[in-house]
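# Descriptive structure summary
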Amino acid sequence: MASMKRPRLKEVQAQSGYRLALTFIDDQQFVLDMSADVQTFSGLRPLIAADAFAQAQVGDDGWTVEWPEPDIQIGADTLYLDAQAQAATDENTRIFIGWRARTGLPLAQAAQALGVSPRSITRYSNSREPTPRTLALACLGWDALQQQAQAAEERGVYGTDKKTR
């Protein structure tokens, strides 16, 4: 089975417990548990109503899942990465795929950020090979550096003492 260049959906079915049964155009199937996301992200809170969540449908020729009434769309690529992360059999792969989903970095930028080849990013993203612990740690380190940079930027904007605020 050939892999997809970009994930695209063939079918989606809402299930109980805020889960989505996803079938992609290459016939890969996942069940994505969105229960934590619906509770955590304010933009998804309208889906807490079971009847709203049940209205999930494939949208935009397979590029999204959408809920028309609360006007919510989630990209197929985001759902694909989230589903892969949940389905991963080891923690390193979950960390890596979760990092890819959170950052949204294109392949070349993700490879550059982690100091590996784009081919390696593709192999680990598709779970063709288990993600090495060193790469999972690099993802966690990258996240920590981004948080430090954001905190430094906020300190620069707001100042470091009460006089500059």
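Preceding this paragraph is the structure being described.
Remember, it's a predicted structure, so these values are computed and weren't measured experimentally.

### A word on the sheet that holds strand β5 (residues 64-67)
The strand order β4-β5-β6 describes an open sheet built from three strands, whose pairing is antiparallel. Only two strands of the sheet have a single partner each, and these edge strands are β4 (57-59) and β6 (72-75). Taking each pair of neighbouring strands and ignoring which way they run, the sheet shows an average axis angle of 35°. Pairing analysis gives three bridges linking β4 to β5, with the strands arranged antiparallel. Within the sheet, the bridge partner assigned to Gly-59 lies in β5 and is Thr-64. Taken strand by strand, helix α3 (residues 76-87) contacts β5 and β6, and its axis lies near 65° from that of β6.

### Topic: the side chain of Asp-143
In this structure, Asp-143 sits in helix α7 (residues 133-158). Exposure remark for Asp-143: the relative accessible area of 17% places this residue in the buried category. Of note is the side chain of Asp-143, whose polar atom sits 2.5 Å from the side chain of Arg-102. Contact partners of Asp-143, with chain neighbours within four places excluded, come to Trp-99 and Arg-102.

### Structural notes on the sheet that holds strand β1 (residues 9-15)
If you trace the three strands from one edge of the open sheet to the other, you get β1-β2-β3, paired in antiparallel fashion. Lying at the two open borders of the sheet, with one neighbouring strand each, are β1 and β3 (29-33). Strand-to-strand twist of the sheet, defined as the mean angle between neighbouring strand axes without regard to direction, takes the value 20°. Contacts from α3 reach β1, β2 (19-24) and β3 within the one sheet, and its direction differs from that of β3 by about 85°.

### Observations regarding the nonpolar core
In this structure, Leu-20, Leu-22, Met-34, Val-65, Trp-67 and Leu-79 are the most contacted members of the largest nonpolar core, which totals 21 residues. The set of elements that each furnish at least two residues to this core consists of β1, β2, β3, β5, β6 and α3. The greatest single-element share of this core, amounting to four residues, is contributed by α3. The next biggest cluster of nonpolar side chains, apart from the first, holds 16 residues, and it includes Leu-81, Leu-114, Ile-121 and Cys-139.

### As for helix α6 (residues 118-125)
Of all the positions in α6, only Ser-120, Ile-121, Tyr-124 and Ser-125 are classed as buried. Across the axial projection of α6, the buried residues extend over an arc of 130°, all falling on one side.

### Focus: the environment of Ile-97
Of note, Ile-97 is situated in helix α4 (residues 91-103). Take Ile-97: its relative accessible area is 0%, and that puts it in the buried class. Sequence-wise, Ile-97 and Thr-40 are 57 residues apart; in three dimensions their C-alpha atoms are separated by 19 Å. Setting aside chain neighbours within four positions, we find Ile-97 in contact with Leu-81, Gln-84, Ala-85, Tyr-124, Ser-125 and Ser-127.

### Looking at the pairing of β2
With respect to burial, β2 is a largely interior element, five of its six residues being buried. As paired elements, β1 and β2 share six bridges and run antiparallel to each other. Counted as the bridge partner of Ala-14 is Leu-20 from β2. In terms of strand pairing, β2 meets β3 through five bridges, oriented antiparallel. Note on β3: the bridge partner recorded for Leu-20 is Leu-32. The turn linking β2 back onto β3 is made up of four residues, and Asp-27 within it adopts a positive phi angle of 70°.

What counts and how
- For every chain, the first residue of the written sequence is number 1, and numbering continues from 1 onward in sequence order.
- Local features in this predicted model are restricted to residues whose pLDDT is 70 or higher, and side-chain atom pairs enter the listing and the counts only when it is 80 or higher, whereas totals over whole chains, interfaces and linings include all residues.
- For the side-chain quantities, the full set of heavy atoms in the structure was used; hydrogens and water were omitted.
- Here, a strand pair is defined by DSSP locating no fewer than two bridges between the strands.
- Only DSSP runs of H or I with at least four residues qualify as helices, and only runs of E with at least two residues qualify as strands; both kinds are numbered from the N terminus onward.
- Axes here refer to lines fitted to C-alpha atoms; in helices the fit is confined to the stretch in contact. Angles between the N-to-C directions go from 0 to 180 degrees.
- We call two residues in contact when some of their heavy atoms are within 4.5 Å.
- For the exposure calls, accessible area comes from a 1.4 Å probe over protein chains only, and a residue counts as buried if that area is under 20% of its type's maximum, exposed if over 50%, partly exposed in between.
- Nitrogen and oxygen atoms within 3.5 Å of one another constitute a polar contact, given that in protein one can donate a hydrogen and the other can accept it, and given that sequence-neighbouring residues count only through two side-chain atoms.
- The criterion is simple. A nonpolar core is a set of buried Ala, Val, Leu, Ile, Met, Phe, Trp, Tyr and Cys residues joined through side-chain atoms within 4.5 Å.
- Read the arc as the range of directions from the helix axis to the C-beta atoms.

Nothing here speaks to function; it is geometry throughout.
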